[in-house]
Amino acid sequence: MKLYIDEQGNGPTVVMLHGLGGSANSFEAQANALASSYHIIRPDLPSSPRSTGALPQSLEALADQLVDQLSEIAPHAHWVGHSMGAAVCQWVAAKYPERVTSLALINPFYEAPPPVKEALTQRALRVRAQGMAEFTDEYLGVALAPESATIQPSARAYLRESLQGTAPETYAAYCELLATHKAPALSSLNMRTMIVTGDRDTIAPLALVERMRTGLSLATLSVLPACGHWSPLEAPYELTALLREHFEAR
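To keep things clear, this report deals only with the structure shown in the data block. These numbers come from a predicted model, not from an experiment.

Things to note about helix α8 (residues 168-179)
- Along its 12 residues, α8 runs 16 Å from first to last C-alpha, staying within 8% of the 16 Å computed at 1.5 Å per residue.
- Of all 12 residues in α8, 9 are buried; the element is thus mostly enclosed.
- Within α8, the full set of buried residues consists of Thr-170, Tyr-171, Ala-172, Ala-173, Tyr-174, Cys-175, Leu-177, Leu-178 and Ala-179.
- For α8, the secondary structure elements touched by its buried residues are α2 (59-69), α3 (84-95), α4 (114-130), α5 (133-143) and α7 (153-164).

Structure, rendered in structure tokens:
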């Protein structure tokens, strides 16, 4: 596995992991704003646009690979993950707590209930058979808040381009990893944690995120108004402010 990594800034280290269909660019707004105070590391996950190598067998295995590959430049860091990236961050925190200063879980994926497992499996089959184009426009209709078309119109443009630039086999394979994902026990995440979601998120709905919050002893929850599943794109300034406050808390 050869990771493409965007690296910028100086200060305490922050690792940012994008979600399914995204890339390091998903956190462009946050990274550029925070780089004056922090050392920001943003990898493209395996088989995403600029990284090479086979997909791991599980998100836990992906966490192991990331910790190994980032050992020199991020021996200790704040870990930030969006959606699928948040699921990977949970495994990093559970298995390597000495490497984690804090966690920020954005529109987080935890572990899919049976109906979601089936939906992810069917999505993988569809994408392999039909490609990304038709699926992308349907996904955008549910993943982004209706208000985003007015508030952050560039969010749809970026996400559409990012999804359609993802190889169908890569997207399908990650869907299958999510469908079979076994998450670590929330009680094993004993570091300071911030959870952020959108009030219009139908992919990681608020009720599910609230259940995650109750299972974490050191977690806060912020809900962004008029925001769907892609908070880094739909509420870039609000999320940046929350991240800065989280990193600076003691």
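Thoughts on the packing of aromatic side chains
- Going through the model one piece at a time under the given rule, you end up with 3 aromatic pairs.
- Here the aromatic rings of Phe-135 and Tyr-139 are separated by 5.7 Å at their centres, their planes lie at 35°, and the arrangement is tilted. Of the two residues, Phe-135 and Tyr-139 are both situated in helix α5; the distance of 4 residues between them amounts to about one turn of the helix.
- Looking at Tyr-139, the relative accessible area reads 7%, which means it is buried.
- Linked through ring pairs, Phe-135, Tyr-139 and Tyr-171 together constitute an aromatic cluster.

Some thoughts on the environment of Gly-198
- In this fold, Gly-198 is placed in strand β6 (residues 193-198).
- The class for Gly-198 is buried, based on a relative accessible area of 0%.
- In this structure the C-alpha to C-alpha distance between Gly-198 and Ser-51, which are 147 residues apart in sequence, comes to 29 Å.
- If we skip the residues at most four places from it in the chain, Gly-198 touches Asn-107, Val-223, Leu-224, Cys-227, Gly-228 and Ser-231.

Conventions and cut-offs
Residues numbered from 1 in each chain as written. Predicted model: local features only at pLDDT ≥ 70, side-chain atom pairs only at ≥ 80, totals over all residues. Heavy atoms only, no water. Helix = DSSP H or I, 4+ residues; strand = E, 2+ residues; numbered from the N terminus. Expected span 1.5 Å × (residues − 1). Buried < 20%, exposed > 50% of the residue type's maximum accessible area, 1.4 Å probe, protein only. Contact = heavy atoms within 4.5 Å. Phe/Tyr/Trp six-rings, centres within 6.5 Å; stacked < 30°, edge-to-face > 60°.

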